[in-house]
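Residue-level structure breakdown
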Amino acid sequence: MAKTVVKYVCSECGTASPRWLGKCPGCDAFGTLVEERQGGTAQASAGAPAASTPLGSVRASEAERIATGVDELDRVLGGGLVPASLVLVGGEPGVGKSTLLLTALGAIARRGRRALLVTGEESAAQVSLRAARLGGAEAVGILAETELATVCATLEHERPDVCVIDSVQTLHASELGSAPGSVAQVREAAGRLLRVAKEAGVATILVGHVTKDGAVAGPRVLEHLVDCVLQFEGDRYHAHRVLRATKNRFGSTNELAVFEMTGAGLVGVPDPSELFGATHTGDVGAAVGCVLEGTRPLLLEVQALVAPTDLAMPRRVGTGVDPRRLAMLVAVLGRHAEVALASADVFVNVAGGVRIEEPGGDLAIALAIASASRGVPIVEGLASFGEIGLTGRLRPAAQAERRLEECGKLGISAVVAPEGTDARGRLRVTALPTLRAALRAALEPEAAPREVAAA
């Protein structure tokens, strides 16, 4: 009889240790080693050698992508689901993962393709109630099962075009002694589903739980195995959700989709700039910035509040902004633009819950902070984009033409941009070399012609 071996495996990096340790030797994380029992210590049988194939003679499959019927989801995926791919969708409970995927399965089934939903968290009757509310999911097959072997056998037998596993943490392999959701179970489930998806040609979507920090729960090997990782973000108490790709072997990882939760389910927002970029005339501390998310330019409202503080260390708090980037912009404003912020708390918020992750949004953040500090509103109908350097100079932002097209489409009349940006259409583009000149153009327009040149 094979001997049972006890190992302690890190849930973050997968490093195995023969005994429990408080700190993982692989990734230096504390308290992540979990007991895992493995049966058998026999040596692996020797396999027969296989002939290699020159890479130039390998022909990629020409199979078309499977459209999900949800345009915003297709955008993030890179044009639709790739056959035989494995996609991981993560998000907090109640954010709308199951609702979105059931809507997509219903649209796929209505187009004549076979769609299957494997649910381990809800009964078939509960899913039927949601499907009746959403409508159009009558042709979707459903399997309420948590046994991993049964699920894999069903996929190999029925070979649906698309399958959703809700969720991967509920699957259980009976040959493993650990409980469902443990490191060993999740790793085993992901590995076997990956093999079935590639061999049977099933586009498989795995729904994953998330930790308190918002990361996908389970071992990191789960993210390494799949072809695409989608993160569903948003507050269950607000109407809008944001879906972004953090890994995508078949498309861009910078794409972003916006959904609105309605009584009929999640509805895509095709023009989020009109939603997030709206400001009220005369608001102090509000600026409109044009940022780039993948191939999509977005107009976002950046709000800032500057308040005197009695603390020895003033606070720099940013929501939707990198705190280190915010601290750098505050320092540049004080050193090169003479905006006194050394004894003031600075709070910055990006409206709509969207995160600014590219440097092209620096100028809008700086303009909002300067407006809040001086108590002067920014010129009506003005948007901005550009990267700010430590020397106080404005650096060009990528794809300026697309940003200007988005500004013109939504009725922006004037744009402040880095030097070298050319005007497009009827937009009045003010191309400036420094941050100081940009502040004068946005907050003191009557003095701007003496220092800046309009393109």
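Note that the structure is a prediction, hence the values are computed from the model and not measured.

To continue, consider the overall build of the chain. Across its full length, the chain holds eleven helices and 22 strands. For the C-alpha atoms alone, the extent of the chain along its principal axes is close to 85 × 55 × 50 Å. Relative to its full complement of 455 residues, the chain shows a buried share of 47%. Partitioning the contacts of the chain with sequence separation of at least 6, the portion at a separation of at least 24 is 66%. Taken as a whole, the chain presents about 21900 Å² of accessible surface, with 51% of it coming from carbon and sulfur. In the chain, 46 positive and 51 negative side-chain charges are present, and the distance between their average locations comes to 4 Å.

With mixed pairing, nine strands are arranged side by side in an open sheet as E6-E5-E7-E8-E4-E9-E10-E11-E12. Both edges of this open sheet fall to strand E6 (141-144) and strand E12 (265-268), since each of them pairs with a single strand only. Within this sheet the neighbouring strands show an average axis-to-axis angle of 25 degrees, counted without direction. Sitting on the sheet, helix H3 (residues 124-134) is in contact with strand E5 (115-119), E6 and E12, with an inclination near 150 degrees to E6.

Once that is clear, we can look at the packing of helix H2 (residues 97-110) against H3. The interhelical angle for the contact between H2 and H3, taken along N-to-C directions, is 65 degrees, at an axis separation of 11 Å. Classified by the angle between their axes, H2 and H3 sit roughly perpendicular to one another. The hand of the H2/H3 crossing is right-handed. Only Val127, Arg130, Ala131, Arg133 and Leu134 of H3 make contact with H2, whose side of the interface consists of Ser98, Thr99, Leu102 and Thr103. In terms of residue class, the contact of H2 with H3 is made up of four nonpolar, three polar and two charged.

In this section: H3. Listed in full, the buried residues belonging to H3 are Val127, Arg130, Ala131 and Leu134. Taken down its axis, H3 places every buried residue within 100 degrees of arc, on the same side. Those residues of H3 that are exposed and aimed more than 90 degrees away from the buried face are Ala125, Leu129 and Ala132. Buried residues along H3 sit in contact with H2, E5, E6 and E12. Of the residues one or two after H3, Gly135 is the one with positive phi, at around 80 degrees.

What follows deals with the environment of Val162. Within the secondary structure layout, Val162 lies in strand E7 (residues 162-166). Setting aside chain neighbours within four positions, we find Val162 in contact with Ile66, Leu81, Leu105, Ile108, Arg114, Ala115, Leu116, Val202 and Ala203.

This part covers the pattern of salt bridges. One pass over the structure, following the stated rule, counts 20 salt bridges. Here Glu188 makes a salt bridge to Arg192, at a shortest N to O gap of 3.8 Å. On the criterion of helical spacing, the pair formed by Glu188 and Arg192 is a turn pair, its members being four residues apart in helix H5 (residues 183-200). Look at Arg192 and you get buried, because its relative accessible area is 18%. Each of Glu233, Arg244, Arg355 and Glu357 takes part in salt bridges that share partners, so that together they form one network.

Mapping Leu105 onto the fold places it in helix H2. The class for Leu105 is buried, based on a relative accessible area of 1%. As a C-alpha pair, Leu105 and Thr430 span 325 residues in sequence and 48 Å in three-dimensional space. In contact with Leu105, not counting residues within four places along its chain, are Ala115, Leu116, Leu117, Val140, Val162 and Val164.

Cut-offs applied
- Just so you know, the residues in each chain are numbered from 1, in the order the chain's sequence is written.
- With pLDDT at 70 or above as the cut-off, local features in this predicted model cover only qualifying residues; side-chain atom pairs require 80 or more to be listed or tallied, and sums for whole chains, interfaces and linings still use all residues.
- Side-chain descriptors were evaluated using all non-hydrogen atoms of the structure, hydrogens and water having been removed beforehand.
- Counting from the N terminus, the helices are DSSP H or I runs at least four residues long and the strands are E runs at least two residues long.
- Remark: exposure states derive from per-residue accessible area (1.4 Å probe, protein chains only) relative to the maximum for the residue type, with buried under 20%, exposed over 50%, and partly exposed in between.
- Residue contacts are counted whenever heavy atoms from the two residues lie within 4.5 Å of one another.
- For every accessible area listed, the method is Shrake-Rupley and the probe measures 1.4 Å; residues are considered covered only by the protein chains on display.
- By the counting scheme adopted, Arg and Lys are positive, Glu and Asp are negative, and His together with the chain ends is not counted.
- One atom stands in for each charge, and that atom is NZ of Lys, CZ of Arg, CG of Asp or CD of Glu.
- Here, strands pair whenever DSSP counts at least two bridges between them.
- The convention used is that axes are lines fitted to C-alpha atoms, helices contributing only their stretch in contact, and that angles between N-to-C directions extend from 0 to 180 degrees.
- Each angle gets one of four labels, with under 35 degrees taken as roughly parallel, over 145 as roughly antiparallel, 65 to 115 as roughly perpendicular, and the rest as oblique.
- A clockwise turn of the near helix away from the far one marks a right-handed crossing, whereas an anticlockwise turn of less than a right angle marks a left-handed crossing.
- When residues are grouped by polarity, Ala, Val, Leu, Ile, Met, Phe, Trp, Tyr, Cys and Pro land in nonpolar, Asp, Glu, Lys and Arg in charged, and all others, Gly among them, in polar.
- This arc is taken over the directions from the axis of the helix to the C-beta atoms.
- Salt bridge, as applied in this entry: a Lys or Arg side-chain nitrogen positioned within 4 Å of an Asp or Glu carboxyl oxygen.

What is shown is where atoms sit, not what they do.
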